[in-house]
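Each chain, letter by letter, is given below.
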Amino acid sequence: MKRYDLVIIGAGAAGLAAAVEAYDRGIRSILLLEKDKYLGGILLQCIHNGFGLQEFREELSGPQYAQRFVDQLNERGIEYRVNSMVINITRDLQVHYSSLEEGYVEVQAKAIICSTGCSERTRGSIATPGTRPSGVLTAGLAQRYMNIDGYMAGKRVFILGSGDIGLIMARRLTLEGAKVLGVAEIMPTTSGLTRNIVQCLNDYGIPLYLHHTVKEIIGRDRVEKVVICPVDDNLQFIEGRDMVFDVDTVLLSVGLLPNNPLLEKIGVRLHPRSKGPLVDGNLQTSIPGIFACGNGLYVHDLVDKVSAEGRKAGRNAAAYINGTLAAAEAEFKVPAVGGEGHTLPEEGKFICIVCPRGCHLSVDENLNVTGNSCPRGKEYAINEVTNPTRTITSTVAISGGELHRLPVMTSSPIPKGKIFEVMQEIDKVRACAPVRIGDVIIRNVLGTGSDIIATRNILCGQSAG
Amino acid sequence: MYDIAIIGAGVIGATIARNLSRYKVSVLVLEKNSDVGDETSCANSAIIHAGYDPHPGTLKAELNYPGHMMFTKVCEELDVELQRIGALTISTSEEESAKLRVLLDYGIRNGAQVEIIGQERLREIEPFVTKKAVEALWAPTSGIINPFELVVALMENAMDNGVELHLEEKVTGLRKENGSFRIETEKGSYQARVVINCAGVASGEINNLISERKEAIRPRKGEYYVLDHFPAPYVTHTLFSVPSAKGKGVLVSPTTHGNYLIGPSSEFTDSADDKGTDAPTLSQVREQAFRLVDEIPMQYVIREFSGLRAYHDSGDFVINSPVEGFINMLGIQSPGLASSPAIGERAVGMVGEIIPLEEKPDYNPRRRPLYRVNNLSLEQRKALIAKDPAFGQMVCRCEQVTKGEVVDCIRRNCGARSIKGVKKRVRPGFGKCQGGFCEPLIMEILSEELGIDRNRINYSNRGSFILMEKTKGEE
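Everything numeric here is computed off the predicted structure, so don't read it as measured data. (Residues numbered from 1 in each chain as written. Chains lettered and ligands numbered in written order. Predicted model: local features only at pLDDT ≥ 70, side-chain atom pairs only at ≥ 80, totals over all residues.)

Trainee: What is the right way to look at the overall build of chain A in this model?
Mentor: Scanning chain A for helices and strands turns up ten helices and 29 strands. Structurally, chain A occupies a C-alpha span of about 70 × 55 × 50 Å along its principal axes. Within chain A, the proportion of its 465 residues that are buried is 52%. Counting contacts in chain A only where the partners sit at least 6 residues apart, residues at least 24 apart contribute 63% of the total. (Helix = DSSP H or I, 4+ residues; strand = E, 2+ residues; numbered from the N terminus. Buried ≥ 20, exposed ≤ 12 C-beta atoms within 10 Å, placed from the backbone. Contact = placed C-beta atoms within 7 Å.)

Trainee: Is there a simple way to think about the overall build of chain B in this case?
Mentor: When helices and strands are tallied, chain B shows twelve helices and 22 strands. For 475 residues, the compact-globule formula gives about 23 Å, and the C-alpha radius of gyration of chain B, at 22 Å, lands near that figure. The principal-axis extent of the C-alpha atoms belonging to chain B is close to 60 × 55 × 45 Å. Here chain B holds 475 residues, and the buried ones make up 57% of them. (Rg over C-alpha atoms; globule rule 2.2 N^0.38 Å.)

Trainee: Before we go on, may I ask you to explain the sheet that holds strand E8 (residues 143–145) of chain B in this structure?
Mentor: The strands making up a sheet are joined through hydrogen bonds of the backbone, oriented either antiparallel or parallel. Residues and elements named next belong to chain B. In space, the three strands of this open sheet follow the order E3-E8-E4, with antiparallel pairing throughout. Both outer strands of the open sheet, strand E3 (47–48) and strand E4 (82–83), are each paired with one neighbouring strand and no more. Strand direction decides the pairing type here: E4 and E8, joined by two bridges, are antiparallel. Note that in E8 the partner of glutamine 83 across the bridge is isoleucine 144. (Pairing = 2+ DSSP bridges.)

Trainee: Help me out: how do you make sense of the sheet that holds strand E20 (residues 350–351) of chain A in this one?
Mentor: All names here are of chain A. Strand order across the open sheet formed by three strands is E20-E21-E22, with antiparallel pairing between neighbours. Each edge of the sheet is formed by a strand with only one pairing partner; in this case those strands are E20 and strand E22 (369–370). Bridge analysis of strand E21 (residues 360–363) against E22 gives two bridges, and the strand direction is antiparallel. Counted as the bridge partner of valine 363 is valine 369 from E22.

Trainee: Would you mind going over the confidence of the model for chain B with me for this structure?
Mentor: Interpretation of this model should avoid reading the predicted coordinates in detail wherever pLDDT is low. Here chain B shows a mean pLDDT of 96. Residues at 70 or above account for 99%. Here the predicted complex carries an ipTM of 0.94, next to a pTM of 0.95. (pLDDT = per-residue confidence, 0-100.)

Trainee: Would you take a moment to explain the nonpolar core for this structure?
Mentor: If you look at soluble globular proteins, the nonpolar side chains tend to sit buried side by side. Residues Leu6, Ala19, Ile30 and Ile113 of chain A are the most contacted members of the largest nonpolar core, which totals 148 residues. Per-element accounting of this core gives the leading share, nine residues, to helix H1 (residues 13–24) of chain A. Aside from chain neighbours lying at most four places away, what touches isoleucine 113 of chain A is Leu6, Ile8, Ile9, Gly15, Ala18, Phe291, Cys293, Ala313, Gly314 and Ala317 of chain A. Within the second largest apolar cluster, 113 residues are counted, among which are Leu30, Ala133, Ile145 and Tyr311 of chain B. (Core = buried A, V, L, I, M, F, W, Y, C linked by C-beta atoms within 7 Å.)

Trainee: Can you walk me through the pairing of E21 of chain A in this structure?
Mentor: Residues and elements named next belong to chain A. The side-chain alternation of E21 yields one buried face, formed by Leu361 and Val363, and one unburied face, formed by His360 and Ser362. Pairing analysis gives two bridges linking E20 to E21, with the strands arranged antiparallel. Across the sheet, the residue bridging to isoleucine 351 is histidine 360, located in E21. Counted along the chain from E21 to the antiparallel partner E22, the turn is five residues long, and its residue leucine 367 has a positive phi close to 60 degrees.

Trainee: Got a minute to help me understand the domain arrangement of chain B in this structure?
Mentor: Buried accessible area, meaning the area lost when the parts come together, often serves as the stated size of an interface. All names here are of chain B. Domain boundaries assigned for chain B yield domain 1 (82–145 + 218–308) and domain 2 (373–456). Placing the centre of domain 1 and that of domain 2 at their C-alpha centroids yields a distance of 32 Å. Facing four residues of domain 1, the contacting portion of domain 2 comprises four residues. Taken together, the residues of the side of domain 1 that touches domain 2 sort by class into one nonpolar, one polar and two charged. (Domains from an automatic or database assignment. Nonpolar A, V, L, I, M, F, W, Y, C, P; charged D, E, K, R; others polar.)

Trainee: Help me out: how do you make sense of the interface of chain A and chain B in this one?
Mentor: Every contact between the two is made by 46 residues of chain A and, on the other side, 49 residues of chain B. Those elements that provide at least two residues to the side of chain A that touches chain B are strand E6 (84–89), strand E7 (94–99), strand E8 (103–114), strand E9 (118–120), helix H3 (123–126), helix H4 (139–149), helix H7 (261–265) and strand E24 (393–399) of chain A. When residues of the side of chain A that touches chain B are assigned to their parent elements, the largest contribution, six residues, is made by H4 of chain A. Among the residues making up the side of chain A that touches chain B, the classes are represented as 16 nonpolar, 17 polar and 13 charged.

Trainee: Help me out: how do you make sense of the domain arrangement of chain A in this one?
Mentor: In terms of domains, chain A is made up of domain 1 (2–119 + 257–322), domain 2 (123–254), domain 3 (350–386) and domain 4 (390–454). Distance between the C-alpha centres of domain 1 of chain A and domain 3 of chain A: 41 Å.

Trainee: Can you walk me through the environment of asparagine 49 of chain A in this structure?
Mentor: All names here are of chain A. Along the chain, the position of asparagine 49 falls in strand E3 (residues 49–51). When the 22 C-beta atoms within 10 Å are taken as the criterion, asparagine 49 is described as buried. Spatially, the C-alpha atoms of asparagine 49 and leucine 173 are 16 Å apart, while their sequence positions differ by 124 residues. With sequence-adjacent residues up to four places away left out, asparagine 49 is seen in contact with Glu59, Leu60, Ser61, Thr391, Thr393 and Met409.

Trainee: Help me understand the pairing of strand E12 (residues 179–185) of chain A, please; the structure alone is not making it clear to me.
Mentor: On a regular strand, one side chain projects to one face of the sheet and the next to the other, so that they alternate. All names here are of chain A. Along E12, five of the seven residues are buried, which leaves the element largely enclosed by surrounding structure. Strand direction decides the pairing type here: strand E11 (residues 156–160) and E12, joined by five bridges, are parallel. From the neighbouring strand, isoleucine 159 faces E12, where its bridge partner is valine 183. Handedness of the crossover joining E11 and E12 through helix H5 (residues 164–175) is recorded here as right-handed. As paired strands, E12 and strand E13 (residues 208–210) are joined by three bridges and run parallel to one another. (Right-handed = clockwise from strand over helix to strand, strands pointing away.)

What follows is the structure, encoded as structure tokens:
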């Protein structure tokens, strides 16, 4: 049986950071295992920007963010396998994985880091009533179909839940020509980031129904209608207030759950609230030598925090391997992660997105700002009224590549009013593999001074399907 | 001209098709859905009932016990998962205990293996039973089965032996013409000497196309919760409530894959298309389940579903021939699955009175076993991967299914054509993510195997497409 000092399961944001950090702490015998074809995990389908402000002091798209870590991994020559799914781990630190290239493989580790991520809560987990047609899917699945596979999952869409993935998908679908009829959130406040409420819903006039939820899904083969109804403070439907929407798709963005079947199988207990494994202050589980981090531990709000936690796990696993890991000084507390919890502003006001506080601002015709708590809010308000700009992310078709879609974004923000015109330009072009991050796909799009640039490396190759 | 046409490819139609495939007769099966076993046969409790519940003297009583015993052979021949884990009908009061004794009497008269066991033995057998339980009726031969696999396996084996299956052909007309039958469907027209009506919830309508004696089948809906498999110990037997006028009541049972079913409710519905679930009914199901167990780990709920029982007003199975050469299988609701092998034998007997049945010398009762990579020993697994690396490539992390198994289930007779078809055959999509991770991969494999674009892959029936057009024009 092959031996490694450290085996890391899952090459998303947490696993990549853990591998790099463990290497930098002197561990040379590392194996990073990834079930998918590519390193990077779910970041690869998150083509929108907003990642990396803490890590890199830049706003990156998901694939760009992942590539920064993949580059660090490759610079160090850290060993990894893709297409390799871990089937079992054992209490004495064996890892069994199955892969297309190597078959069934057993390796022995001195330490294991589980960075297995999370999965989306499904219709079944929230018992959404109604029939069982196709067209009811999680927002993340629709995101994958759209951004990786290049297909629309719906044309007339209602979104249940104000989680960030749902908000991001509301904008993505709208930019690609779908009609998003609304977003319903059962709670009285939003659960996603305020910035996403503003830039994904408000920008496109997509209604947000707070304190509403789905009463019934209707349709035999494909979704035909969805019935939305307001709820009272006990979350019970208020009779007689049904709203019926003709839709072909219902997207669910109703939360994420850590994914830890490997740990559960060997008797690691789960945290009752986070549903991740119980760990100590060193991120070590009840089994010595097994560490957990990232969204598999609890669901984080920012990927930058996932990377930081991955580094902590990598550092501690390295210390464990070297016999220098100190006893955990404090127990691990699952941070309270939730939405910024905003209510909707009154007519004519808008939410400030400069900080999480979310002031409700208004601006009069003389550009006097009220409702702000700081000068930055004032500047934001005036900008939003006089010259609002946005960064646009999308995909373009690509020929001769190992994938069918190349994620792209504007190199600098463009005027908000030009978004759809720029989208038309993006739809017209076709890139040719190979492409590298930063390659200009359209120069000075529509004279805005902004280029459309690639945000993922795509090699030449035969793509499936 | 076919010798026999079977309308409906649920467990009854598929069983009869397989039983007839033993003989030198031509058999056509017409199914309105895009896959076999897509109605009642795929949405039920998946229990092989032990035969103590039906009232003695009924057809149900006659066929249940022998039918459920035949499954040992059927499942062995067809490589279908069956576990005789035993059933416990739980009494929590004197009144219920009196009813248990009625069931005991029924069981004995029906030839079933049953006994009443007291507190101590009950808790020893099933530690997770409610503290309120006072005694139970123990039926050790009761089993759990994989109903999806069963219907597919029956039809696959029938097709291996020459039966023709036509999917997506709803029967729209049926008449007698010069001593044989003319069957009109959405797509074509067929002639057969014998017609067997196995249309389940729609069997009343089929009967009414040809028979003077009109029949009404009323769909009675049952809603269920499905729990994910989890490593902690939980219920290991099928736990039933004491039955009421509405049926066997809510049960809590493991499935052959270590999931748990909780349900069903029992309410008549107006529509044979009504596959919905609703919150009030499910909350009643949960409440009733607390008569059986004190703890339900609801955090593991991964799905809710409903199925329709084909209820006939007699409350019994109705097997008759109102027109010469036309055989009805009406009202085959619970214990229809358990009785199906015996129903199949009965049907063959009835056909034999019309058409002489001569055995084929080359009939093979066995289907090629599934790979079941997850159940293989390490050596077997490595050997299989060495033959075909696709058995090393995992496509479903929740249920641990390989690409090799998915490809195999598409390439067999009665192969999968849809996401649900693959799910029913080899399980990707049954787990916690409910297809969130594996669906795009299954779609890619289906698209490759069937040679069609991904946006033409359906979830199940025609019209249940998943993807629409490509985001950027045509390529």
